[in-house]
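Given next are the chains, with one letter for each unit.
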Amino acid sequence: MSVPLKELRKEKGLSQIAVQMQTGIEQALISKYENGERVPPTETLMQLADFYGVSMDYIMGRTDRKEINR
């Protein structure tokens, strides 16, 4: 699974600590998600998708389109 979380974070100019402070997700987990060492649970995927303004499918590598279908 290709996880573009690191790229999304860098696009916003944020550190992992800044993401932790804004989302409440532990920095160690953010690091593991970004490096593909762990897969975020569904609730965390939803939270990250909302935070970055992209679809869950984009985060999970199922599409190259960042847009959210509403």
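A brief look at the structure comes next. (Residues numbered from 1 in each chain as written. Predicted model: local features only at pLDDT ≥ 70, side-chain atom pairs only at ≥ 80, totals over all residues. Heavy atoms only, no water.)

This paragraph deals with the overall build of the protein chain. Across its full length, the protein chain holds 5 helices and 0 strands. The linear arrangement of helices and strands in the protein chain, starting from the amino end, is α-α-α-α-α. Computed over C-alpha atoms, the radius of gyration of the protein chain comes to 11 Å, within 12% of the 11 Å expected from 2.2 N^0.38 for 70 residues, which places it in the range of a compact globule. Considered along the principal axes of its C-alpha atoms, the protein chain spans approximately 30 × 20 × 20 Å. The buried share of the protein chain, taken over its 70 residues, is 37%. Across the protein chain, the fraction of contacts at a sequence separation of at least 24, relative to all contacts at a separation of at least 6, is 42%. Summed over all atoms, the accessible surface of the protein chain reaches about 4,600 Å², with 44% contributed by carbon and sulfur. Taking the average place of the 10 positive charges on the side chains of the protein chain and the average place of its 10 negative ones, the gap between the two points comes to 2 Å. (Helix = DSSP H or I, 4+ residues; strand = E, 2+ residues; numbered from the N terminus. Rg over C-alpha atoms; globule rule 2.2 N^0.38 Å. Buried < 20%, exposed > 50% of the residue type's maximum accessible area, 1.4 Å probe, protein only. Contact = heavy atoms within 4.5 Å. Areas by Shrake-Rupley, 256 points an atom, 1.4 Å probe, with all protein chains shown as cover. Lys, Arg positive; Asp, Glu negative; His and termini not counted. Charge placed at Lys NZ, Arg CZ, Asp CG, Glu CD.)

Time to look at the nonpolar core. The biggest cluster of nonpolar side chains holds 16 residues, and the ones touching the most others in it are Leu5, Leu8, Val19, Leu48, Tyr52, Val54 and Ile59. When residues of this core are traced back to their parent elements, those giving at least two are helix 1 (5-11), helix 2 (16-23), helix 3 (27-34), helix 4 (42-52) and helix 5 (56-59). With 5 residues, the top contributor of residues to this core is helix 4. Beyond its immediate sequence surroundings of up to four residues, Tyr52 is in contact with Leu5, Leu8, Arg9, Lys12 and Val19. (Core = buried A, V, L, I, M, F, W, Y, C linked by side-chain atoms within 4.5 Å.)

Right, let's talk about the packing of aromatic side chains for a bit. Two aromatic rings are characterised by how far apart their centres lie and by the angle between their planes. Enumeration according to the criterion identifies 1 aromatic pair in this entry. Measuring from centroid to centroid gives 4.9 Å for Phe51 and Tyr52, while their planes differ by 75 degrees, and the two rings are edge-to-face. Residue Phe51 shares its accessibility class with Tyr52, and that shared class is buried. (Phe/Tyr/Trp six-rings, centres within 6.5 Å; stacked < 30°, edge-to-face > 60°.)

Rolled over the atoms, a probe with the dimensions of a water molecule shows which regions are left empty. Counted by the stated rule, this structure contains 1 cavity of 30 Å³ or more. Empty space within the largest cavity amounts to approximately 50 Å³. Along the walls of the largest cavity sit Leu5, Ile30, Tyr33, Glu34, Leu48 and Tyr52, which together make up its complete lining. Within the residue set of the lining of the largest cavity, elements represented by two or more residues are helix 3 and helix 4. For the lining of the largest cavity, the element with the most residues is helix 3, which contributes 3 residues. (1 Å grid on protein atoms, 1.4 Å probe; cavity = no way out; pocket = protein on both sides within 12 Å on 5 of 7 lines; lining within 4 Å. Points joined across faces, edges and corners; volume = space filled by probe spheres on them.)

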